[in-house]
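Observations on chain architecture
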Amino acid sequence: MADELVIGATDIITQLYEKSEKLLSVIWKSRENIYQMLFVLHNINREGLHPEDYHLSAIEKLADKIILSDEVEVGDIARLELLLTDAFLLLSAHLAVGKTEAETIDPQWKASRRAVTIDWGKFIDSTLQNNRIIENLHKLTPGHREYSNLKKALAEYRQIEEKGGWGRFNTILPKIEKGMWHPDIALLRDRLAITQSYIEDTIDDNFLFDETLHEQVMLFQRRNGLTADGVVGKATIEAMNIPVEERIATIEANLERWRWLSNDLGERYIKVNIANFDLQVIEKDDMVFSTKAIVGLTNRKTPVFSSIMTYLVLNPDWTVPPTILNDDVIPSVINNPEYLAEKNLKILRIDGTEVDPLSIDWINIVTTGFPYRVHQGPGPKNALGRVKFMFPNQYSVYIHDTLDHNLFGRTDRSFSSGCIRVNNPMALAAWLMKDNPAWTPAQIKNVIDQGKEQTINIAKPVQVHIVYLTAWASDDGVVYFRKDIYELDQPLLAALKQDPPGLHQ
């Protein structure tokens, strides 16, 4: 019932009424405005938002009452205007900066936010007087191509849902791979065809796992962050059996994440997607370079934040941070007294003088506090590898090379203590130095071969955005999903389902 609704954004509405008692009644008499508002509300699910958060049923019920009444009550008109205005204001705010609070869902979320400086009173006044509800609300949505692509993906998966989605795929076989013949392979074809495309048989045998099906399985695996070997095993079947409703929810969650993000990420920037374990370099909205990345463990998460990369260090040294010292180094020394020597780690006092590790009571120092710093000089055993890339942040997180490149062969690459290791750091360094002709790839290699630490300022500092996206779509409509390694989707989806502040049925 409209009478039982508590309206949000009451302060702005009150101000509008105070400005002109007849303002809203005159504007909402416009058939075009009401048409546009109802059109938006009926289609707002295309943005991953839900019409009932914006009074749709209450508006339509009250409108029907007014239409059917022999004598219209002034109170009903006033309530209808109030509902329409509140819906417009709530929706405007949610499209502009997101319905939810990023920091509430993830306290470490510190990425660049959308800077929306709108005088909401003037905005609604101008929008309604000029009959531009659809146009102006659309202008509030994120301008990123990724947002538009995700909206198309949402529409596609909603169509799949309307057609019944997909059933569970089960097989008695331990695995299914190319060359096999089995009736379950026909079911596999049917399942993949729902989310990819009709899979044409290379021969007239639906039960045969042929080359075309093999390629489609690998595509599915790539789309879902699995090892793309073309073999249908436990992990692939689990991904195929995630319901369409869950996929839709994941897309909605990631649309909200884009509403949080700044519209201006920079003309050129570095983007690390934690959930995809990758780093991309973006120039003028196009990806010009990408490399595999290793991110933080689930108990040592890489935070979501933005900063500006200002310099890099060739042949870096390393001071062991407190978390790694307490959780890794000290227990390792207790178990293996030769650990420090094997890792080329030295114990240093504040003045830089070295401390004999044998003079330290390693067992009791855990509780008494460690008064020294553990240092690793530049060299082939340095944990940061040959180069580190620096961008100031409160988390002491940076991007760097690594000694163990074998880990990049894994599909799940959450192995670090929070920093980001990259598989091809030298290509990233070359891109950063392209505006500095003194630092060619050959010169960089020459300095690295000499083994001496060298700091190089970046001529044109570049923005860095560490993000967490578990779904995205390409320009050609291919939708990708990733495992929610930090379990951040569910808290976000729960927040999206909550009524907006002040709104109660």
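So, here's what we can say about the structure. (Residues numbered from 1 in each chain as written. Predicted model: local features only at pLDDT ≥ 70, side-chain atom pairs only at ≥ 80, totals over all residues. Heavy atoms only, no water.)

1. So, the side chain of glutamine 196
Position of glutamine 196 relative to the elements: it lies in the loop between helix 10 (184-195) and helix 11 (211-223). Classification of glutamine 196 as buried rests on a relative accessible area of 18%. At 2.6 Å, the side chain of glutamine 196 and the side chain of glutamine 216 are in polar contact. Not counting the four nearest positions on each side in its chain, glutamine 196 is found in contact with Gln216, Leu219, Phe220 and Arg223. (Helix = DSSP H or I, 4+ residues; strand = E, 2+ residues; numbered from the N terminus. Buried < 20%, exposed > 50% of the residue type's maximum accessible area, 1.4 Å probe, protein only. Polar contact = N/O pair within 3.5 Å; in protein donor to acceptor, adjacent residues only side chain to side chain. Contact = heavy atoms within 4.5 Å.)

2. Focus on the packing of helix 3 (residues 31-43) against helix 4 (residues 56-68)
A pair of packed helices is characterised by two quantities: the angle between their axes and the separation of those axes. The interhelical angle for the contact between helix 3 and helix 4, taken along N-to-C directions, is 140°, at an axis separation of 10 Å. Of the possible angle classes, the one that applies to helix 3 and helix 4 is oblique. By crossing handedness, the relation of helix 3 to helix 4 is classed as left-handed. Of the residues in helix 4, those touching helix 3 at Leu38, Leu41 and His42 are Leu56, Ile59 and Glu60. In terms of residue class, the contact of helix 3 with helix 4 is built from 4 nonpolar, 1 polar and 1 charged. (Axes fitted to C-alpha atoms, helices over the stretch in contact; angles between N-to-C directions. Parallel < 35°, antiparallel > 145°, perpendicular 65-115°, else oblique. Left-handed = near helix turned anticlockwise from the far one by under 90°. Nonpolar A, V, L, I, M, F, W, Y, C, P; charged D, E, K, R; others polar.)

3. Things to note about the pattern of salt bridges
Opposite charge on two side chains permits pairing when their charged atoms draw close. Within the structure shown, the criterion is met by 21 salt bridges. Between aspartate 489 and arginine 257 there is a salt bridge, with the nearest N and O atoms lying 2.8 Å from each other. In this pair, aspartate 489 sits in helix 19 (residues 489-497) while arginine 257 sits in helix 13 (residues 244-260), placing the two residues 232 residues apart along the sequence. No difference in accessibility class separates aspartate 489 from arginine 257, as the two residues are buried. Residues participating in the shared-partner salt-bridge network are Arg145, Asp285, Asp286 and Asp475. (Salt bridge = Lys/Arg side-chain N within 4 Å of Asp/Glu carboxyl O.)

4. Some thoughts on helix 17 (residues 425-432)
Among the residues of helix 17, Pro425, Leu428, Ala429, Trp431 and Leu432 are the ones counted as buried. For helix 17, the angular spread of the buried residues around the axis is 160°, confining them to a single face. (Arc of directions from axis to C-beta.)

5. As for empty space enclosed by the protein
Per the counting criterion, the structure on display carries 4 cavities of 30 Å³ or more. If you go around the largest cavity, the residues you meet are Tyr157, Trp166, Arg191, Thr195, Phe220, Arg223, Asn224, Ala239, Ile242, Arg247, Val479 and Phe481. Going through the elements one at a time, helix 10, helix 11 and strand 15 (479-481) are the ones with two or more residues in the lining of the largest cavity. Classifying every residue of the lining of the largest cavity by side-chain character gives 7 nonpolar, 2 polar and 3 charged. Quantified by volume, the second largest cavity comes out at close to 60 Å³. Forming the walls of the second largest cavity are Ala102, Ile105, Asp106, Trp109, Arg257, Trp260, Val304, Tyr468, Leu488 and Leu492. For the lining of the second largest cavity, the elements supplying multiple residues, two or more each, are helix 6 (102-105) and helix 13. (1 Å grid on protein atoms, 1.4 Å probe; cavity = no way out; pocket = protein on both sides within 12 Å on 5 of 7 lines; lining within 4 Å. Points joined across faces, edges and corners; volume = space filled by probe spheres on them.)

6. Here's the deal with a nonpolar patch on the surface
Side chains of Tyr35, Phe39 and Ile134 sit close together on the surface and give an oily, nonpolar patch of about 280 Å² of accessible area. Mapped onto the fold, phenylalanine 39 is located in helix 3. Judged by relative accessible area, which is 35%, phenylalanine 39 ranks as partly exposed. (Patch = residues over 30% accessible without salt bridge, like charges linked within 9 Å, V, L, I, M, F, W, Y side chains within 5 Å. Areas by Shrake-Rupley, 256 points an atom, 1.4 Å probe, with all protein chains shown as cover.)

7. Details of helix 3
Across its 13 residues, helix 3 extends 18 Å between first and last C-alpha, which sits within 8% of the 18 Å expected from 1.5 Å per residue. Burial in helix 3 covers these residues: Asn33, Gln36, Met37, Val40, Leu41 and Asn43. (Expected span 1.5 Å × (residues − 1).)

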